[in-house]
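# Observations on the three-dimensional arrangement
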Amino acid sequence: MWSAIFGGFVAGMLIAVMIGPVFFALIQTSMKRGFPTAASFALGIVLSDSLYFFLAHLGIRNLSGGSSTTSLDNWLGLGGGLFLAIFGIILLRRKPDVKEEDIEVASYTSYFSAIGKGFIINSLNPSALFYWASVTSYLRKDFGPEQYIFYSFFTACMLTVFGTDLLKGFLALRLKSLLTYKFLLWLNRISGIILIIFGARLIWTVVKTRINF
């Protein structure tokens with residue numbers, strides 16, 4: 001169980017350090033509307049990630065018939081591993097853009113609208129569902145289909161996402177000053193390497209199962 005909790009923490013940290021429209025929207029919200037509104041925005045983000053996580057988990061579990069040893073499960077594992085590895089390679093090769101994303105935040109009239117904005121902006125991220133599908137594939141192949149393992153991983157993952165988003169909102173001014181080309185370049189490289197390692201490990205787990213090592 002502790003391995004699953006640590007895996008959830010790592011998966012949450014990986015998506016937390018990715019710089020994109022959601023990150024800039026959270027920073028802008030904190031600077032323009034204050035930390036409580038930013039915290040509400042962060043809650044919308046984690047609700048969106050939770051929904052995608054559960055949709056990916058249910059889809060993979062239904063496709064594999066609830067078993068972790070089916071041929072389809074192996075194909076899903078290979079697909080998830082390839083996505084993580086390719087995503088990692090893209091991050092390694094990506095040239096960071098230090099230009100701030102222009103996200104409108106002045107229209108927030110309540111904490112509920114901030115939650116809705118966070119949910120919508122994060123849900124419109126096209127890579128989010130693929131990322132969580134890959135993560136759930138890794139979870140099933142590395143830890144098995146047991147429900148207590150799934151909930152341990154999920155809880156650790158989403159607490160990490162929410163906690164880091166709260167920290168971003170609290171340190172908004174300092175984080176904005178850190179967004180230099182060199183800092184973002186190394187952040188992309190580190191995230192990319194970790195994703196490649198996770199993807200390669202997931203692929204190796206499938207291959208090892210197939211050749212009965």
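In this report, we go over the structure that sits alongside the text. (Residues numbered from 1 in each chain as written. Predicted model: local features only at pLDDT ≥ 70, side-chain atom pairs only at ≥ 80, totals over all residues. Heavy atoms only, no water.)

Moving on, we come to the packing of aromatic side chains. Tallied over the entire structure, the rule returns 13 aromatic pairs. Ring geometry for Phe35 versus Phe170: centroids 6.0 Å apart, planes at 85°, classification edge-to-face. Here Phe35 is found in helix α3 (residues 35–63), whereas its partner Phe170 is found in helix α7 (residues 147–170), with 135 residues between them in sequence. Ring geometry for Phe54 against Phe150: centres 5.5 Å apart, planes inclined by 75°, an arrangement best described as edge-to-face. Note that Phe54 is positioned in helix α3 and Phe150 in helix α7, a separation of 96 residues in sequence. In this structure, Arg189 is placed above the aromatic ring of Trp186, and the distance from its NZ or CZ to the ring centre is 4.9 Å. (Phe/Tyr/Trp six-rings, centres within 6.5 Å; stacked < 30°, edge-to-face > 60°. Helix = DSSP H or I, 4+ residues; strand = E, 2+ residues; numbered from the N terminus. Lys NZ or Arg CZ within 6 Å of the ring centre and 35° of its normal.)

What follows concerns the layout of surface pockets. Computed from the structure, the second largest pocket encloses a volume of approximately 270 Å³. Lining the second largest pocket are 14 residues, and of these Ala16, Val17, Phe23, Lys168 and Leu175 lie nearest its centre. Sorting the residues of the lining of the second largest pocket by element identifies α1 (2–16), α7, α8 (172–178) and α9 (181–210) as the ones contributing at least two each. Residue composition of the lining of the second largest pocket, grouped by class: twelve nonpolar, one polar and one charged. (1 Å grid on protein atoms, 1.4 Å probe; cavity = no way out; pocket = protein on both sides within 12 Å on 5 of 7 lines; lining within 4 Å. Points joined across faces, edges and corners; volume = space filled by probe spheres on them. Nonpolar A, V, L, I, M, F, W, Y, C, P; charged D, E, K, R; others polar.)

This part takes up the pattern of salt bridges. What the rule picks out here adds up to one salt bridge. For Asp165, the salt bridge goes to Lys168, with nearest N and O atoms at 3.2 Å. Residue Asp165 and its partner Lys168 are both found in helix α7; the two are separated by three residues, about one turn of the helix. Looking at Asp165, the relative accessible area reads 5%, which means it is buried. Taking relative accessible area as the criterion, Lys168 reaches 11% and is therefore assigned buried. (Salt bridge = Lys/Arg side-chain N within 4 Å of Asp/Glu carboxyl O. Buried < 20%, exposed > 50% of the residue type's maximum accessible area, 1.4 Å probe, protein only.)

What follows concerns α1. Helix length check: α1 (15 residues) gives 21 Å between terminal C-alpha atoms against 21 Å at 1.5 Å per residue, within 8%. Along α1, the positions that sit buried rather than exposed are Ala4, Gly7, Gly8, Val10, Ala11, Gly12, Leu14, Ile15 and Ala16. (Expected span 1.5 Å × (residues − 1).)

Judged by nonpolar contacts, the single largest core of 28 residues is most densely connected at Phe53, Tyr131, Trp132 and Phe153. Looking at this core, the elements that each hand over two or more residues are α1, α3, α4 (71–93), α6 (128–143), α7 and α9. In terms of nonpolar packing, the next biggest core, distinct from the first, is built from eight residues, Val22, Phe41, Ile45 and Ile121 among them. (Core = buried A, V, L, I, M, F, W, Y, C linked by side-chain atoms within 4.5 Å.)

The tally for this structure, following the rule as stated, stands at two cavities of 30 Å³ or more. As a volume, the largest cavity reaches approximately 70 Å³. Those elements that place two or more of their residues in the lining of the largest cavity are α1, α6 and α9. Tallied by class, the residues present in the lining of the largest cavity amount to ten nonpolar, no polar and no charged. Computed from the structure, the second largest cavity encloses a volume of approximately 40 Å³. Around the second largest cavity, the lining residues are Val17, Met18, Ile19, Leu91, Arg94, Leu187, Asn188 and Ser191. The element contributing the most residues to the lining of the second largest cavity is α9, with three residues. Across the lining of the second largest cavity, the residue classes tally to five nonpolar, two polar and one charged.

A surface patch of nonpolar side chains, amounting to about 430 Å² of accessible area, comprises Met1, Trp2 and Tyr148. Relative to the assigned elements, Met1 resides in the segment before α1. (Patch = residues over 30% accessible without salt bridge, like charges linked within 9 Å, V, L, I, M, F, W, Y side chains within 5 Å. Areas by Shrake-Rupley, 256 points an atom, 1.4 Å probe, with all protein chains shown as cover.)

You can see Trp132 is positioned in helix α6. When the C-alpha atoms of Trp132 and Phe54 are compared, they prove to be 8.7 Å apart, with 78 residues separating the residues in sequence. Here Trp132 is in contact with Ile15, Asp49, Tyr52, Phe53, Ala56, Cys157 and Met158, once residues within four sequence places are set aside. Reaching out from Trp132, the side chain makes a polar contact with the side chain of Asp49 at a distance of 3.0 Å. (Contact = heavy atoms within 4.5 Å. Polar contact = N/O pair within 3.5 Å; in protein donor to acceptor, adjacent residues only side chain to side chain.)

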